[in-house]
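Architecture and fold: a report
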Amino acid sequence: MSAKISLKFIKENFLDFVSKLKDLTNIEDVVKIKIENDNILMYSMLSNDVSVLALKSYTVKTSDYIENYNKDEMCDFIIINASKFVKNLNFFNLDNPIKLDLITKPLPDNDDILHVRSAQFTNGKLKISCIGGEEHKIRDININTLESKLDPMRSKWSFGISKQDFLDVKKLCFINNEEKFININVDSDGKVTMSEMAKWEIEIDTVDIKNTNLIFGKKYLSNINAEIDRINFSMFDTFVLVKDDNSNLMLSFEQSFNDDE
C-alpha cells in the first residue's frame, strides 16, 4: 500500500545537498538516495553487466539536511535524468521553507525499504516533481558495503598530491583539453608525476613503489574534493580510490560490489 511521507529540508544546507547531487551526475545520470534516521547515502555509478566501472558516493548525517526524520524504514529514491532535475532545483528561493513530499511503497521482498514512486519539492509558489526510477535502474549498495570495499587500509599502495598541485593539474588539463586522459607515472626512484605527453609534467610525491604507470580520466578530476590540503589516491588491485571525510570516488575496470568477498 502506498504512503505519503512529508519532509522538511534544513534550508541553510539545501544548496550543499544540490551541489552533491550535481557532482554525482558527472558519473552517470541516475542517482540513488537512501534516507535513514542516522545517515543519507547518495551515489551514482557507471557499470556494465558484471562490474562497477566508476562510482561516486556521499554519506552525510540525515539531521544536517532533513528536520526530524524518524521513520523506521529506509527510503529508496532513484532519480532518472538527474542532471536536468538538479538544474530545476536551483530555481528555489532559499528564503522560503523547502518541503519534500514522497509517495512510497514497500519493496515486495523487503518491507523495511520504502521505494519512492514519486517526489515533489515545494518552495513557496514553485513545485518541482519527479517520478521515482525503478530499482533495476541502478545497483543497490549500502554504507557497510562501501566502508568494507573502499577502505584505504586495504589498498596496495598510495600517493598524495597537495591542494595547490592538484589545482595546477586541473588548470593544465583545461588548457590542454585535446586528450581525455592524464598519465600518472612512478619512476625507478619512486618519484610520482602527473603529465600529458610532450605537453606538461608535474612532480607530486615520492613512494616506495617503482616503475608503475597509470592513466586517469580527466573528466573525473571535477569529482575530487579540491578543498582539502592533501588529496590521497589509494591503489587497489582493480581500482583507484579517492576518499575524503564524507565521499568516495572509485574508478575501476572490473570491481564488483557483491557482498561476497
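Residues numbered from 1 in each chain as written. Predicted model: local features only at pLDDT ≥ 70, side-chain atom pairs only at ≥ 80, totals over all residues. Heavy atoms only, no water.

**Remarks on the nonpolar core**
Across soluble globular proteins, you tend to see nonpolar side chains buried next to one another. For clarity, the threshold we go by: The nonpolar core is taken to be a set of buried Ala, Val, Leu, Ile, Met, Phe, Trp, Tyr and Cys residues, with the residues joined through side-chain atoms within 4.5 Å. Only protein chains enter the area calculation, which uses a 1.4 Å probe; residues under 20% of their type maximum are buried, those over 50% are exposed, and those in between are partly exposed. Numbering of helices and strands runs from the N terminus; a helix is a DSSP stretch of H or I covering at least four residues, while a strand is a stretch of E covering at least two. Residues are treated as being in contact if the distance between any of their heavy atoms lies within 4.5 Å.
With 35 residues, the main nonpolar core has Phe-14, Phe-17, Ile-33, Leu-89 and Phe-121 as its most contacted residues. The leading source of residues in this core is helix α1 (residues 14-24), at five residues. In this view, Ile-33 contacts Phe-17, Leu-21, Ile-40, Leu-41, Met-42, Cys-75, Asp-76, Phe-77 and Ile-79; residues no more than four positions away in its chain are not counted. Counting residues in each nonpolar core, the second largest holds 29 residues, with Val-169, Ile-184, Val-207 and Met-235 among its members.

**A closer look at the sheet that holds strand β10 (residues 181-186)**
Let me state the cut-off plainly: Pairing between strands is defined by DSSP: at least two bridges between the two strands are required. To get an axis, fit a line to the C-alpha atoms, keeping to the stretch in contact for a helix; angles then go from 0 to 180 degrees between the N-to-C directions.
Read across the open sheet, the four strands follow the order β12-β11-β10-β13; overall the sheet is antiparallel. Across the chains shown, the open sheet's two edge strands, defined by having one partner strand only, are β12 (200-206) and β13 (212-217). Adjacent strand axes in the sheet meet at a mean angle of 25°, parallel and antiparallel pairs treated alike. Here β10 runs beside strand β11 (residues 191-196); their pairing, made up of four bridges, is antiparallel. Looking across to β11, one finds that Val-186 is bridged to Val-192. Lying over the sheet, helix α4 (residues 163-175) contacts β10, β11 and β12, oriented at roughly 155° with respect to β12.

**As for the environment of Lys-71**
In this structure, Lys-71 sits in the loop between β4 (52-61) and β5 (74-80). Relative accessible area serves as the criterion here: at 28%, Lys-71 is assigned to the partly exposed category. Other than its neighbours up to four places away in sequence, Lys-71 contacts Ile-5, Asn-37 and Leu-114.

**Comments concerning the pattern of salt bridges**
Rules: Here, a salt bridge means any side-chain nitrogen of Lys or Arg that lies within 4 Å of a carboxyl oxygen of Asp or Glu.
Enumeration according to the criterion identifies 13 salt bridges in this entry. Here Lys-32 and Asp-140 are joined by a salt bridge, their closest N and O atoms 2.8 Å apart. With Lys-32 in strand β2 (residues 30-35) and Asp-140 in the loop between β8 (126-131) and α3 (143-149), this pair connects stretches of sequence that are 108 residues apart. Classification of Asp-140 by relative accessible area gives partly exposed; the value is 45%. Where Arg-117 meets Glu-134, a salt bridge forms, and the shortest distance between an N and an O atom there is 3.0 Å. With Arg-117 in strand β7 (residues 110-123) and Glu-134 in the loop between β8 and α3, the pair connects residues that are 17 residues apart, well separated along the chain. Taken together, the shared-partner salt bridges in this structure form one network comprising Lys-32, Lys-34, Asp-76, Glu-135 and Asp-140.

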